[in-house]
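# Observations on the model geometry
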2 protein chains.
Amino acid sequence: MSIDPRYLTDWSGLSRGIPKVVHRPRSTDELSAIVRDCDASGQKITIQGGMTGLAGGAVPADGDVVINLERMNQIESIDELEGIMLVQAGATLQQVQEAAEQAGWFFPVDLGARGTCQVGGNAATNAGGDRVIRYGTMRDSVLGVEAVLADGTVLNSLTRLIKNSSGLDLRFLFIGSEGTLGIITRLTLKLQPVPGAGATALACVSSMTQLAKLLRDMKLALGNKLSAFEFMSERFVAQSLELTGLALPVDTSAPWFVLIEATGEHGTDAGEALQHSLEQALEKETIIDCAVAASIADAEDFWRLRESIPEILTHLRPTVNFDCGLPWSQTGDYVAAVEAAMDEKFPAAKHLFFGHLGDNNIHLITGPHDESAFHEVEETVYAGLKNRQATISSEHGIGFLKKPFLHYTRSDAELATLRRLKSAMDPKGTLNPGRVVD
Amino acid sequence: MSIDPRYLTDWSGLSRGIPKVVHRPRSTDELSAIVRDCDASGQKITIQGGMTGLAGGAVPADGDVVINLERMNQIESIDELEGIMLVQAGATLQQVQEAAEQAGWFFPVDLGARGTCQVGGNAATNAGGDRVIRYGTMRDSVLGVEAVLADGTVLNSLTRLIKNSSGLDLRFLFIGSEGTLGIITRLTLKLQPVPGAGATALACVSSMTQLAKLLRDMKLALGNKLSAFEFMSERFVAQSLELTGLALPVDTSAPWFVLIEATGEHGTDAGEALQHSLEQALEKETIIDCAVAASIADAEDFWRLRESIPEILTHLRPTVNFDCGLPWSQTGDYVAAVEAAMDEKFPAAKHLFFGHLGDNNIHLITGPHDESAFHEVEETVYAGLKNRQATISSEHGIGFLKKPFLHYTRSDAELATLRRLKSAMDPKGTLNPGRVVD
């Protein structure tokens, strides 16, 4: 039986080989039995969700047994009183969002792949997305998990309690470990009150130092109301304007732009608070200029600028894309150093920085590049992160593709501890072998 | 050299023996060297913070080496821009709070023992306290840790990034594991914007079902502004009124009372939003009656009711005290069943329920009891938690005293996994042996 090509690669485009078989179990018990059989024979397993990963983590090798969760996609129950959902790991993020909405609640994790990515994969990679500044990452929305361990044991740790101090909380073994310590099969998710409509503004800023000061002032003034703080470099904005044909209501020659959104509780308007804090920023000269969206169409235009990334990726392809993380105070230096190095080494390519500053997350799209240059591009970008309390991946994960660079931002003792835990939880090395660490 | 008695027991009053020596290292290196020596000889270690624990976790046995962190108490640095503190584990919670305040920020974890408890101990037990409904537990305020492992290795995982997806996040091995997997020596803490003044109200409610509905409505209307939701049973309130001489501005014959606090951003007033949501609750008859504090003195009276616990503990001693956790929908049944069982078995004692419903946390103070009855009291209270997705400890931890009951609310597979991790991280069993699991 031939294997459907959709199980052979993810959005990274990596290819590794042809698996022996693709299992799509319908229940935890069925999945556990498959894992038990693999354990008995030392058979290597590749675990798959929606195949939207960018680090190759779900891509199988020749001879692997693939376990894809797509048939375990039921919303099992929603506690409408407390705002808690019990869901199977193969449900898509969009299913979860829609089920929450129907129950009068809100699931805050959101990303472009929502219709395809699975909530189990979101948890396994600790997905972030667009609303982290207000709601945190996937880790902050998962209250408990059920996972199948390497020997087939079903570990039920589906707690749903906000506060618990009864020994190590085992959900954290599986959140962000990319399927190397167990297969998440079900999750309890924390839902949030439905928020109000957002108020949106676009500001231009003279430097990364001012941008960080602006963010601090906005956090102190708006607190939890601050729901987006998306910065873009001048070059990013110029590229976006060229491709989208948008016209901006602010000076387009500033070095940095930032899209700011404030959101209150349902039925409240955060516009006044946002307006007030922008006036203070103008007075303090933290910003050069700003515009507040007066209509939904305005707000959509501002977001369109930020969301032109698919067009940029197409226009500049082949690109290399990054999701680094740094302290705010390191960001200016880092961006200046990497931009200069990239301009020198790759003068024909464009290097566009943008990101979620409040989450410490700096994205870079750079291209076009020949595939032969990819490694040097990566080396240039990642080497700049050393000794900056940084991370090579804020949200995409390590998988196979970033593994060679992991030691740039994690210590030897950390890597040794990752290996020790892997040996303890998966002594035969059958679960997602080769991902994250060797 | 005789041992100072303050290193022999904690606030639980448990005694186990006389340690061989009490070390009070001044640095991570010094601490690591002590641990390395113990590892070489298989010497058992008891780790100590401020000795304010209630589960006996820091109480040494005969012949133990004690490592007390009290001299590692420096606030090492504060990033005032980003609101992040690097602190040694032996700093008291109050030191942390005060240092945050001086830097223009706010550290939200708070509990009565703040002047004595150490922030490393707070992390090791995942302390909760009074503001969890708004800010989460200690886990939500710790961004990274440095820990010394059982073989003396210094594991630096002092990340300070909000978002990170670069392999397993190792801080979660140490938060809540009560020193069984490593000794936390330094932490990076996330600070919060300074909040505004709280608006306070007291409401009476006809049943636990109505109380849960009220909480849901308050969460949906107030969102993150809801900063306290402290419920008390009629018996708790009657006992408190008797001991404090307070007079309440609401009907004191209701079965449940709840102290509600709303807090906005610094410089804003949450009073109007609280008032509005209470009016809606009166209309919907979710509450019977309520009073909003019109002055700081009023608010202090309302809080005094909740904070009469030290007098209650003295008045009813010897007491047995609980910090169970349950889903909201289970709380009414559970309280009714346990209250009835306790009334029948211990008619001469008082059984006072109260807690933080938004955190799923139900406290019970029961007393006076002969020490010979303690086990039956515990058995009665904990047995009721079985099969309710509950926890025997929401915030105090397991230590020695709750260990016999841990299997009531954690599965066999969970306990086996805890043991497996303990063996992997501490194969000789020298770090805090006998705590949490055997």
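Quick note: structure is the one above.
A brief look at the structure comes next.

Rules used throughout
- Residues numbered from 1 in each chain as written.
- Chains lettered and ligands numbered in written order.
- Predicted model: local features only at pLDDT ≥ 70, side-chain atom pairs only at ≥ 80, totals over all residues.
- Heavy atoms only, no water.
- Helix = DSSP H or I, 4+ residues; strand = E, 2+ residues; numbered from the N terminus.
- Rg over C-alpha atoms; globule rule 2.2 N^0.38 Å.
- Buried < 20%, exposed > 50% of the residue type's maximum accessible area, 1.4 Å probe, protein only.
- Contact = heavy atoms within 4.5 Å.
- Areas by Shrake-Rupley, 256 points an atom, 1.4 Å probe, with all protein chains shown as cover.
- Lys, Arg positive; Asp, Glu negative; His and termini not counted.
- Charge placed at Lys NZ, Arg CZ, Asp CG, Glu CD.
- Least-squares fit on C-alpha atoms with pLDDT ≥ 70 in both.
- Pairing = 2+ DSSP bridges.
- Axes fitted to C-alpha atoms, helices over the stretch in contact; angles between N-to-C directions.
- Arc of directions from axis to C-beta.
- Expected span 1.5 Å × (residues − 1).
- Phe/Tyr/Trp six-rings, centres within 6.5 Å; stacked < 30°, edge-to-face > 60°.
- Lys NZ or Arg CZ within 6 Å of the ring centre and 35° of its normal.
- Polar contact = N/O pair within 3.5 Å; in protein donor to acceptor, adjacent residues only side chain to side chain.
- Salt bridge = Lys/Arg side-chain N within 4 Å of Asp/Glu carboxyl O.
- Nonpolar A, V, L, I, M, F, W, Y, C, P; charged D, E, K, R; others polar.

### Overview of the overall build of chain A
When helices and strands are counted, chain A shows 13 helices and 15 strands. By the compact-globule yardstick of 22 Å for 438 residues, chain A fits well, its C-alpha radius of gyration being 22 Å. Residues counted as buried form 62% of the 438 residues belonging to chain A. Sequence-distant contacts, at least 24 apart, represent 72% of the contacts inside chain A between residues at least 6 apart. Accessible surface for chain A amounts to roughly 15,800 Å². Of this, 49% is attributable to carbon and sulfur atoms. For chain A, the distance from the average site of its 38 positive side-chain charges to the average site of its 56 negative ones is 7 Å.

### As for the relation of the copies chain A and chain B
For the match of chain A to chain B, the screw axis carries a shift of 0.0 Å, the RMSD comes to 0.0 Å, and the turn is 180°. Both copies are brought into coincidence by an operation consistent with a two-fold rotation axis.

### Concerning the sheet that holds strand 2 (residues 45-48) of chain B
All names here are of chain B. Read across the sheet, three strands follow the order 1-3-2 without closing on themselves; strand pairing throughout is parallel. Here the strands that pair on one side only, and so sit at the sheet edges, are strand 1 (21-23) and strand 2. Taken over all neighbouring pairs, the strand axes of this sheet differ in orientation by 25° on average, direction set aside. Bridge count for strand 1 against strand 3 (residues 65-68) is three bridges, and the pairing is parallel. Following the sheet pairing, Val21 is matched in strand 3 by Val65. Packing against the sheet, helix 1 (residues 28-41) makes contact with strand 1, strand 2 and strand 3, and its axis sits at approximately 160° to strand 3.

### Remarks on helix 10 (residues 309-316) of chain B
By the burial criterion, the buried members of helix 10 of chain B are B:Ile309, B:Ile312 and B:Leu316. The arc that holds every buried residue of helix 10 of chain B, seen down its axis, measures 55°, which confines them to one face.

### Regarding helix 6 (residues 208-222) of chain A
All names here are of chain A. Taking 1.5 Å per residue as the helical rise, helix 6 with its 15 residues ought to reach 21 Å, and the 20 Å between its terminal C-alpha atoms agrees with that figure. When helix 6 is considered as a whole, its buried residues turn out to be Met208, Gln210, Leu211, Ala212, Leu214, Leu215, Met218 and Leu222. At the exit of helix 6 stands Gly223, carrying a positive phi of roughly 55°.

### Observations concerning the packing of aromatic side chains
Within this structure, the stated rule accounts for 13 aromatic pairs over all chains. Ring geometry for A:Tyr382 and A:Phe405: centres 4.8 Å apart, planes at 40°, overall tilted. Taken as a pair, A:Tyr382 in helix 12 (residues 374-383) and A:Phe405 in the loop between helix 12 and helix 13 (412-425) lie far apart in primary sequence, 23 residues in all. By relative accessible area, A:Tyr382 is classed as buried at 2%. Centre to centre, the rings of B:Phe405 and B:Tyr408 are 5.8 Å apart; their planes meet at 80°, and the pair counts as edge-to-face. Comparing B:Phe405 with B:Tyr408, the two get one shared label, buried. Taking the ring centre of B:Tyr408 as reference, the NZ or CZ of B:Lys386 above it sits at 4.2 Å.

### Describing the side chain of A:Glu265
Among the structural elements, A:Glu265 can be located in strand 11 (residues 256-265). Taking relative accessible area as the criterion, A:Glu265 reaches 11% and is therefore assigned buried. Only 2.6 Å separates the side chain of A:Glu265 from the side chain of B:Lys225, close enough to count as a polar contact. Once you skip the residues sitting within four places of it in the chain, A:Glu265 turns out to touch A:Pro195, A:Gly196, B:Ala221, B:Leu222, B:Gly223, B:Asn224 and B:Lys225.

### Details of the interface of chain A and chain B
With 84 residues of chain A in contact, the opposing surface of chain B contributes 84 residues. Remark: the boundary between chain A and chain B carries ten salt bridges. Counting only elements with at least two residues in the side of chain A that touches chain B, the list comes to strand 7 (154-157), helix 5 (171-174), helix 6, helix 11 (328-345) and helix 13 of chain A. Per-element tally for the side of chain A that touches chain B: the top contributor is helix 13 of chain A, with eight residues. For the side of chain A that touches chain B, the residue count by class is 32 nonpolar, 31 polar and 21 charged.

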